[in-house]
Amino acid sequence: MADFTGKSILLVDDDVDLLTGLVFQLKRLGFDTVTAETQRDGERLIDETTPDIAVFDLMLEHLDAGFTLCHRMKRKHPGTPVILLTGVTAETGLEFDTVTADERSWVKADAMLAKPIRFEQLQREIERLL
Amino acid sequence: MSDTETLRILIVDDEAALRRGMERVLRDFVVSLPGDDAGQARFEIAHAASAEEALQAIDQQPPDILLLDYKLPGLSGLDMLERIAAAGRPILTVLISAYATLETAVAAAKRGAFDVLAKPVRPEELTATIEKVARHLIYQRQALSLAEERKRVRYQFVSILAHELKAPLGAVAGYLDILKDRESAIGSGMYDQIIERSLARIDGMKKLINDMLDLTRIESGQRKRKVEAIDLYDVADTCVEVAKVDAGERGLAVSLTPDRGPIPLLADRSELEIIFNNLLSNAVKYNREGGSVEVSIVPNGQQITIRVADTGIGMAPEEAASVFNDFTRAKNEKTRHIPGSGLGLSILKRIVALYDGDVSVESQPDIGTTFTVHLKRSVTPEPARA
């Protein structure tokens, strides 16, 4: 099993159960976890902490909260990898991907995973990015 | 949509004087459109002296209406109708013929003409025909845009529903992932939490699916209604007693005014129960410890007013404004841990509509929320229509 002892991860998702599950699994990999359930708390943690990697949900109290968090993260910690979790995009009207360079340039995430995610998927992305 | 639609008319006639005459009649002609979306149609007019010229004009800027002379030099009016039909253009054509025989009319109709006018065309005949054509066109467009809007709304509904169903699946799958690994050595506290939360999320899904079915059943008119003489007080009292169980756990006082019935009403009892249960469960869920819920029923002639007021967390004006929309729940710090499908008030709104009624909300953050429902008292038993 990969060992991330001493690394810290910032998680922002409004689904408290998903968060609980992820925190449990990430701790087993050795991560220190910092979590928030709202965009506002997420922004505060971006300013106050220096995580090694961050995972944001796209839809929080605003439809596009995840984009904002990604931008803020990249401005504050340009080198820190960011993973964005997305739900269905139809209801937000936001259709996007990170396949083309143009799309990557405005979505400030290093990877995107479509919800519902399985932990192995997330772990794979984390191992790739760290 | 009470605005002016401009419809383009192309007049095709080889006689310049006739073209000018028709233009004069139609230039300032206005058709008023009756109905809910009362608006008006005006006309923008172009000319062509031959079929060839007309086809070119149609290619450049397709008209909505074509006033077509039957007898043209070169290509005839009927030939032209065929070409337009073959190109699949949505143009309504009125054929104008000096020999307006039954045969001409039949031939024209076969080729897709909307109407046939006999030459010489009197101004009032022309305007009456154009009025008919314009109305037809606009109703056709409105029906089309309504159908498209319905499709869009249904797509959006299904997308959000999918999202709302995926969220609990993701949460439960996450918990199962933990249990799958027998070596994860979770403590019994975590084990209990995983089971309890997984079941809670599954219950939430069940509620969402049931609400969704209720909603579509009401909307499609498939729900069987049983309208009969009932005592509204008795319905309210029963629902209040049920709500008192959850309310009691949170130290909430629930009151009902008046304190005795009967309040006769012709209604479907189960529908009224849905109204009360919905409003009561919201008033309890979004309340604060030790708060209160006040239910009042005020009969007033042909109308009955039901009011449910709570002393809860309240809503910001923008949240209150969208609270009757499908899947819309006030989403903030205070409501995050309160479960709900986001469909309860959508269902309520549709039921209230069955009674020619309306529902409104007044709310102040941290002070409370009051829902007011007006119902028409005499309701004729008829199948559900949303």
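Provided above is the structure to which this section pertains.
Residues numbered from 1 in each chain as written. Chains lettered and ligands numbered in written order. Predicted model: local features only at pLDDT ≥ 70, side-chain atom pairs only at ≥ 80, totals over all residues.

Draft legend 1. Inspection of helix α2 (residues 39-48) of chain A at higher detail. All names here are of chain A. All buried positions along α2 are accounted for by Gln 39, Gly 42 and Ile 46. Buried residues along α2 cover an arc of 55 degrees about the axis, so they all sit on one side. Along α2, exposed side chains directed more than 90 degrees from the buried face belong to Arg 44, Asp 47 and Glu 48. The elements touched by buried residues of α2 are β1 (8-12), β2 (32-36), β3 (53-57) and α3 (65-76). (Buried ≥ 20, exposed ≤ 12 C-beta atoms within 10 Å, placed from the backbone. Helix = DSSP H or I, 4+ residues; strand = E, 2+ residues; numbered from the N terminus. Arc of directions from axis to C-beta. Contact = placed C-beta atoms within 7 Å.)

Draft legend 2. Local environment of the sheet that holds β1(A). Residues and elements named next belong to chain A. Pairing in this open sheet of five strands is parallel, and the strands run β2-β1-β3-β4-β5 from one edge to the other. What marks the edges here is a single partner per strand, and that holds for β2 and β5 (111-114). When the angles between neighbouring strand axes are averaged without regard to direction, this sheet yields 20 degrees. Note that β3 and strand β4 (residues 82-86) share four bridges and pair parallel. Bridged to Ala 54 within β4 is Val 82. On the sheet, α2 packs against β1, β2 and β3 and is oriented at approximately 140 degrees with respect to β2. (Pairing = 2+ DSSP bridges. Axes fitted to C-alpha atoms, helices over the stretch in contact; angles between N-to-C directions.)

Draft legend 3. Summary view of the interface of chain B and chain A. Counting from both sides, the interface comprises 23 residues of chain B and, opposite them, 22 residues of chain A. Listing elements by their share of the side of chain B that touches chain A, those giving two or more residues are α5 (123-180) and α6 (188-220) of chain B. The element contributing the most residues to the side of chain B that touches chain A is α5(B), with 15 residues. For the side of chain B that touches chain A, the per-class residue count stands at eight nonpolar, eight polar and seven charged. (Nonpolar A, V, L, I, M, F, W, Y, C, P; charged D, E, K, R; others polar.)

Draft legend 4. Quick peek at the packing of α6(B) against helix α10 (residues 344-354) of chain B. Residues and elements named next belong to chain B. The interhelical angle for the contact between α6 and α10, taken along N-to-C directions, is 20 degrees, at an axis separation of 10 Å. By the angle class used here, α6 and α10 are roughly parallel. At the point where α6 passes α10, the crossing takes the left-handed sense. In this structure, α6 uses Asp 211, Asp 214, Leu 215, Ile 218 and Glu 219 to contact α10, whose residues at the interface are Gly 344, Ser 346, Ile 347, Arg 350 and Ile 351. Each residue belonging to the contact of α6 with α10 can be placed in one class, and the counts come to four nonpolar, two polar and four charged. (Parallel < 35°, antiparallel > 145°, perpendicular 65-115°, else oblique. Left-handed = near helix turned anticlockwise from the far one by under 90°.)

Draft legend 5. Seen up close, the packing of helix α8 (residues 269-285) of chain B against α10(B). All names here are of chain B. Running from amino to carboxyl end, α8 crosses α10 at an angle of 145 degrees, the nearest separation of the two axes being 10 Å. Along this stretch, α8 crosses α10, giving a crossing that reads as left-handed. Every residue of α10 that contacts α8 at Glu 271, Ile 274, Ile 275, Asn 278 and Asn 282 is listed here: Gly 344, Leu 345, Ile 347, Leu 348, Ile 351, Val 352 and Leu 354. Taken together, the residues that form the contact of α8 with α10 break down as eight nonpolar, three polar and one charged.

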